[in-house]
Amino acid sequence: ARWVPYDARSLLERAERDDPRGHALHVAAAMAWCFLEAIANTPEAIAWGVLLVVWLLRLPRIWRCVLPSLRAPIWLAFLAWWLWSLLTLSWAPPEVDLARQLRPERAILTPLLLFPVASRSWALRGALAAGAAVQLGAVLVHAMLPLASGGSLRTYGEMEGLTAFSKMGWYLQIAAL
């Protein structure tokens, strides 16, 4: 009988060794998603869809890598939060769109999509940081635009970026991966 490793690191290394091209494509898709996550919603959603397709195509080769991620505390926390939100629907007011609330959040699926390339976490974090730097640059340029016409810096309430500031919480969740 052939020995099959069960620890996450050896499973990740084996998946990379057995499918180097697929792994490289998966890393590229994950990096693109991380970069665009910090930029804007539409490009991020498209990149997330590409990441999902790459993950699904690789699933026959990486399914063993997915199993340890199902026991990861952060994924279990996301799952518990989603289940709790489903429970809260039982006392939701009638105007709440129940069909929309029953959909699983992408936050539950995203860690599963990223786990097979977790051995490249620095590349993923670097892509996220690069996207955040582009977003920060856009915010600073927008804040300083009035200076060109003799005005003053824009205040927090007037500042805009390429996407909403509220996404910073999501960036922190991704970084926790």
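Residues numbered from 1 in each chain as written. Predicted model: local features only at pLDDT ≥ 70, side-chain atom pairs only at ≥ 80, totals over all residues. Heavy atoms only, no water.

## A look at the overall build of the protein
Okay, so step 1: Across its full length, the protein carries eight helices and zero strands.
Okay, so step 2: Across the 177 residues in the protein, those meeting the buried criterion constitute 33%.
Okay, so step 3: Here the contacts in the protein between residues at least 6 apart in sequence split such that 69% fall between residues at least 24 apart. (Helix = DSSP H or I, 4+ residues; strand = E, 2+ residues; numbered from the N terminus. Buried < 20%, exposed > 50% of the residue type's maximum accessible area, 1.4 Å probe, protein only. Contact = heavy atoms within 4.5 Å.)

## Regarding helix H6 (residues 106-114)
Okay, so step 1: With respect to burial, H6 is a largely interior element, seven of its nine residues being buried.
Okay, so step 2: Every buried residue of H6 is listed here: Ala107, Ile108, Thr110, Pro111, Leu112, Leu113 and Leu114.

## So, the pattern of salt bridges
Okay, so step 1: Enumeration over the complete set of coordinates arrives at four salt bridges.
Okay, so step 2: In this structure, the salt-bridge partner of Arg106 is Glu44, at a minimum N-O distance of 2.9 Å. Of the two residues, Arg106 sits in helix H6 while Glu44 sits in helix H3 (residues 41-69), which places them 62 residues apart along the sequence.
Okay, so step 3: Among the residues examined, Glu44 registers a relative accessible area of 3% and is labelled buried. (Salt bridge = Lys/Arg side-chain N within 4 Å of Asp/Glu carboxyl O.)

## Focus: the confidence of the model for the protein
Detailed reading of the predicted coordinates is not advisable wherever pLDDT is low.
Okay, so step 1: The pLDDT averaged across the protein works out to 81; a share of 82% of its residues lies at or above 70.
Okay, so step 2: The lowest-confidence element of the protein is helix H8 (residues 168-176), averaging 59 in pLDDT; the highest-confidence one is helix H2 (residues 20-37), averaging 95.
Okay, so step 3: A low-confidence stretch, residues 1-5 (pLDDT under 50), is modelled with six contacts involving residues beyond four sequence positions or located in other chains. (pLDDT = per-residue confidence, 0-100.)

## What about a nonpolar patch on the surface?
Okay, so step 1: Taken together, the side chains of Trp81, Trp84, Leu87 and Trp91 make up a nonpolar region of the molecular surface, amounting to roughly 550 Å² of accessible area.
Okay, so step 2: Position of Leu87 among the secondary structure elements: in helix H4 (residues 73-88). (Patch = residues over 30% accessible without salt bridge, like charges linked within 9 Å, V, L, I, M, F, W, Y side chains within 5 Å. Areas by Shrake-Rupley, 256 points an atom, 1.4 Å probe, with all protein chains shown as cover.)

## Comments concerning H3
Okay, so step 1: When the terminal C-alpha atoms of H3 are compared, their 26 Å separation across 29 residues is substantially less than the 42 Å that a helix rising 1.5 Å per residue should span.
Okay, so step 2: Of all bends in H3, the biggest is about 90 degrees, found at Pro60.
Okay, so step 3: Turning to H3, its buried residues are Glu44, Ala47, Trp48, Leu51, Val54, Trp55, Arg58, Ile62, Cys65, Val66, Pro68 and Ser69. (Expected span 1.5 Å × (residues − 1). Bend = angle between axes of the 7 residues up to and from the residue.)

## A few points about the environment of Leu128
Okay, so step 1: Inspection of the secondary structure puts Leu128 in helix H7 (residues 121-148).
Okay, so step 2: Classification of Leu128 by relative accessible area gives buried; the value is 8%.

## Re the packing of H4 against H6
How two helices pack is summed up by the angle between their axes together with the distance between the axes.
Okay, so step 1: Between H4 and H6, the shortest axis-to-axis distance is 9 Å and the interhelical angle comes to 160 degrees. Relative to H6, H4 is oriented roughly antiparallel. For the crossing formed where H4 meets H6, the hand is left-handed. Contacts from Trp75, Phe78, Leu79 and Trp82 in H4 reach Ala107, Ile108, Pro111 and Leu112 in H6.
Okay, so step 2: For the contact of H4 with H6, the class distribution of residues is eight nonpolar, no polar and no charged. (Axes fitted to C-alpha atoms, helices over the stretch in contact; angles between N-to-C directions. Parallel < 35°, antiparallel > 145°, perpendicular 65-115°, else oblique. Left-handed = near helix turned anticlockwise from the far one by under 90°. Nonpolar A, V, L, I, M, F, W, Y, C, P; charged D, E, K, R; others polar.)

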